[in-house]
Amino acid sequence: MIWIETIVNGVLYGGLYGLLGVGLALIVGVMRVVNLSHGEFIVLSAFVGVSLAHVMPGVHPLILLAPVAVIAFGLGFGLQAVLVNRVVTRPDPFASILLTFGVAVVMRNLMVEIFGADPRTLPAGRLAHASTTIAGLSVGVLPILILIMSVALFTLLQLVIMRTRFGRIVRATADNRDVVRLMGVNPGRVYNVVMGLALALASVAGMLLAIRSSFTPYSGVERLLISFEVVVLGGLGTFWGAMVGGIALGVAELVGLKFDPNAGPLYAHLLFLVVVLMRPNGLFGARP
Amino acid sequence: MTKVSRLVLALAGVAAAAGPWWLGDGPMRFLSELFLMLAMAQTWNLLAGYAGLVSMGQQVFVGLGAYSLFVTSIALNLAPFWVLPVAPLVCAAVAAVVALFLFRLREAYFAIGTWVFSEVVSLTISKIERLGGERGMGLPTAKLIDPRWLEPLTFWLSTATAAGAIVGTYALLRSRVGLGLMTVRDNDLAAASIGVDVWRCRFVAFVLAAAGCGLAGAVSFAATLYAAPSLAFDPNWVVVMMFVVLIGGIGTLEGPIVGVIIYFTLSELVTVVFNLSAGWYLDHKLPAADLYRVDPNRLRDMVTIVRDRIKEYVVPHRKRLLVIEDNDIERESIVELLAHDDIEVTAVGHDPEPSARCPA
Amino acid sequence: MTLLEVDALDAFYGDFQALFDLTINVDAGETVALIGANGAGKTTFLKCLVGLIEAKRGEIRFAGEPIGREPAERISRLGLSLVPEGRLLFASLSVEENLTMGALNRRPGSWTLPRVYDLFPVLRERRRQMPNALSGGQQHMVAIGRALMSNPRLLLCDEISLGLAPLVIDQIYASFARIRAEGASIVLVEQDVKRATSAADRVYCLLKGRVTLQGPARGLARDQLSRAYFGA
């Protein structure tokens, strides 16, 4: 029974991991940019959430998701417009790596200066520990909420990309940046919005993760690794693949922790290696 | 090699050997760190710049080098520097095995795969109590070394490791495997079609890079007398390697040299000028990132100029060419076409002993 | 009325000069063919017109307005449409989505989605398919349709017969009559001299980035063309 509960909880948290990765998947898929500062933005949104919660003590953190996401969108838009757009057009793939890495370091140091290096969490009150019984299993209320939110956001993203005019423009820009200019589309502006969107999604994941576990300004690297693992596991170029990848990693981690409490993310990593070695293009990946 | 560069190298060698006597402890430690970083960067450069393997997990060999040294030294109760060769050997062995699996992955998948592998090793070691677990382990056998010789030995070993990395890379690139690597770097599909064993070339590069990193890691941690998973397997190692190589010029022998000079200069500059407290080795990247995005062309030009200057002294640039052509007119036009400042052309009508002239 | 005036155009790829002192005109309602061997600079010229390559020297005027230094996004709104060499369809978009992308910048005019489907009926059946499921000729049709959706005054076609069977090329060239009838002027870049001269009103021949011959399409002698095409 405990095992089934653990697996179910793993699935629920796995949705969170998927959300961590889908922002990165957007950036890599549309712009072919490796954003090494993704983890830092995830942590920054958690800090912003903590600060807002401080300023507005009566408001539940979950409600703060919206303003934090908006702030993250603005930051992403700005980051792309001011910095990343300058290196996106270069054929050299290392330029974006170097740039985003520099951004990550600057952000890390700024966060230490502003917020200090002590571990923080985002308190969610009774909700964090509330649990309910479904079909005889005890599951946390918060994880269910997180899963619902993740699935909702994923579905929304998929709808936007596949069914709207904006989504069409994004897909076309990802396919061929030059030809899309012939149709009056400015690729730079598309990238601005995509980056904003990606970071907004990451910020939601960052806040939700902060409710579950503590974080410091140095937590960005772990978050980055998870994001990469999710994207790669699912396969580059798929969104739902990232969701599945996230769930797989979540289950592996929680199940692993059940019988090996000291392991940290070890079993998630092991699962990643095994899957990726068996399917070198990820679970659903088309393009290598 | 030109006479000047030979002289410069000889002088540098003498200066290094005499280091402990004319350098203070501080500068010696600084240079040790610089040389070790140079060695590590050179291995990352070999992988990414020549073999086309972008590894974000190279720190695993830094850590494995350190731990294998510590464990062997304590187990055999020998002073650490005597068992130094264990580090590169262990790393080479691990790399050889791991390559069989990781080489199935390509590009981004390979990069993330190596990083995850490093985390797995790190987490596994932190669960082993005999190795000190998360807290790490010390190096009691360091007592067997006369403390006055610890810094000088570290300094000499660091210098030797750096020199070895550079010479080793150079030698590798001139070998058959090396030539194969250069074709692989440019276009691995084309390389395979002309019969280059792509897998083997990459394998050799990967194993050698692992050995180099392992040696550098072992020396680095032996000097600090303490190893812990969070330090030994810190992704920051590969991040600095990457930074140094990219800023100095990837795929060139002198790139890591230039890069490591820029890296340490910037970090000194920032700590002195800006006086920031949050980790000196992090802060230097602030102005670097600024420079890169504000004026990338000028920075590139500056770096290229510096790089070319160093190149003139470090890299032997005189090539020897033998032209055998019995038709006088053809021979002369070939010589005219190919002649250049740095090519020494010998033109003959026919060659009685074809093998004698070509160096091995 | 002169729709397109190109005056002493120089264009570069980095340090390499691809076009030398080009002067080419297109009048409203005309079909002009640009012929020449590989590397003569035909594609470079078209890319300059739409703003994908910057013109270093010289002037380009479209309907009297100078466009030589404008970015591609702005030029596309003025009524210049390119059917790129190699089609370059959006691989992640369906046929219909590709066509509607062309309409992002639409000017008032008669080309709508139903009219494009009338012109190329086979596309109507395949509207939800992805481009890689279509044959070469059908992909060309999508590329032309996409360019038409913006109701261009000047349609630029880059090597649309490349890699296609003669029957398919006939079909595509037959569509030009309709396109012309709706009021568009056409610049046709071709390696196939016969096709080009039979479909066009006037011909320019390019060699190594320079105009070596110009004149009415059917008035040029074969050896004249040969010399201009290959160089003396």
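Residues numbered from 1 in each chain as written. Chains lettered and ligands numbered in written order. Predicted model: local features only at pLDDT ≥ 70, side-chain atom pairs only at ≥ 80, totals over all residues.

Here we look at the confidence of the model for chain C
Residue and element names in this part refer to chain C. Predicted confidence across chain C gives a mean pLDDT of 88, with 100% of residues reaching 70 or more. Summarising per-element confidence for chain C, the mean pLDDT is lowest in helix α9 (residues 222-230) (81) and highest in helix α3 (residues 95-102) (93). Across the interfaces of the predicted complex, the ipTM metric reaches 0.86, alongside a pTM of 0.79. (pLDDT = per-residue confidence, 0-100. Helix = DSSP H or I, 4+ residues; strand = E, 2+ residues; numbered from the N terminus.)

A short note on the packing of helix α2 (residues 38-55) of chain A against helix α4 (residues 94-115) of chain A
All names here are of chain A. Running from amino to carboxyl end, α2 crosses α4 at an angle of 20°, the nearest separation of the two axes being 10 Å. With respect to each other, α2 and α4 are oriented roughly parallel. The two elements α2 and α4 meet at a crossing, and its hand is left-handed. Mapping the contact onto sequence places Glu40, Val43, Leu44 and Phe47 in α2 and Ala104, Met107, Arg108, Met111 and Phe115 in α4. Its residues placed into classes, the contact of α2 with α4 shows 7 nonpolar, no polar and 2 charged. (Axes fitted to C-alpha atoms, helices over the stretch in contact; angles between N-to-C directions. Parallel < 35°, antiparallel > 145°, perpendicular 65-115°, else oblique. Left-handed = near helix turned anticlockwise from the far one by under 90°. Contact = placed C-beta atoms within 7 Å. Nonpolar A, V, L, I, M, F, W, Y, C, P; charged D, E, K, R; others polar.)

Regarding the interface of chain B and chain A
On the side of chain A, 32 residues touch chain B, which itself brings 29 residues to the contact. Every element with two or more residues in the side of chain B that touches chain A is listed here: α6 (107-126), α12 (236-248), α14 (280-283) and α15 (285-294) of chain B. For the side of chain B that touches chain A, the element with the highest residue contribution is α6 of chain B, accounting for 11 residues. When its residues are assigned to classes, the side of chain B that touches chain A shows 20 nonpolar, 2 polar and 7 charged.

A short note on the environment of Gly145 of chain C
Residue and element names in this part refer to chain C. By the element assignment, Gly145 lies in helix α6 (residues 136-148). Distance in space between the C-alpha atoms of Gly145 and Val211 is 30 Å, their sequence separation being 66 residues. Setting aside residues up to four positions removed in sequence, Gly145 forms contacts with Leu99, Val116, Phe120 and Leu123.

Considering the interface of chain A and chain C
Taken together, the contact pairs 14 residues of chain A with 18 residues of chain C. Every element with two or more residues in the side of chain A that touches chain C is listed here: α6 (165-175) and α7 (177-181) of chain A. By residue number, the principal contributor to the side of chain A that touches chain C is α6 of chain A, which donates 5 residues. When the residues that make up the side of chain A that touches chain C are grouped by side-chain class, the tally is 6 nonpolar, 3 polar and 5 charged.

Some points on the sheet that holds strand β4 (residues 55-62) of chain C
Residues and elements named next belong to chain C. In spatial order, the strands read β2-β1-β4-β5; together these 4 strands make up an open sheet with antiparallel pairing. Lying at the two open borders of the sheet, with one neighbouring strand each, are β2 (16-27) and β5 (65-66). Where strand β1 (residues 2-13) and β4 come together, 6 bridges link them in antiparallel fashion. Looking across to β4, one finds that Val6 is bridged to Ile60. Lying over the sheet, helix α1 (residues 42-50) contacts β1, β2 and β4, oriented at roughly 70° with respect to β2. (Pairing = 2+ DSSP bridges.)

A word on the pairing of β2 of chain C
As judged from the 8 bridges shared by β1 of chain C and β2 of chain C, these two strands associate in the antiparallel manner. Its bridge partner lying in β2 of chain C, Leu9 of chain C is registered against Leu22 of chain C.

Considering the sheet that holds strand β10 (residues 210-216) of chain C
Residue and element names in this part refer to chain C. Judged by pairing direction, the sheet is mixed, and its 6 strands sit side by side in the order β6-β7-β8-β3-β9-β10 without closing on themselves. Where the open sheet ends on each side, the last strands, each with one partner, are β6 (80-83) and β10. On average, adjacent strands in this sheet sit at an angle of 15° to one another, irrespective of strand direction. Here strand β3 (residues 31-35) pairs with strand β8 (residues 185-190) via 5 bridges, running parallel.

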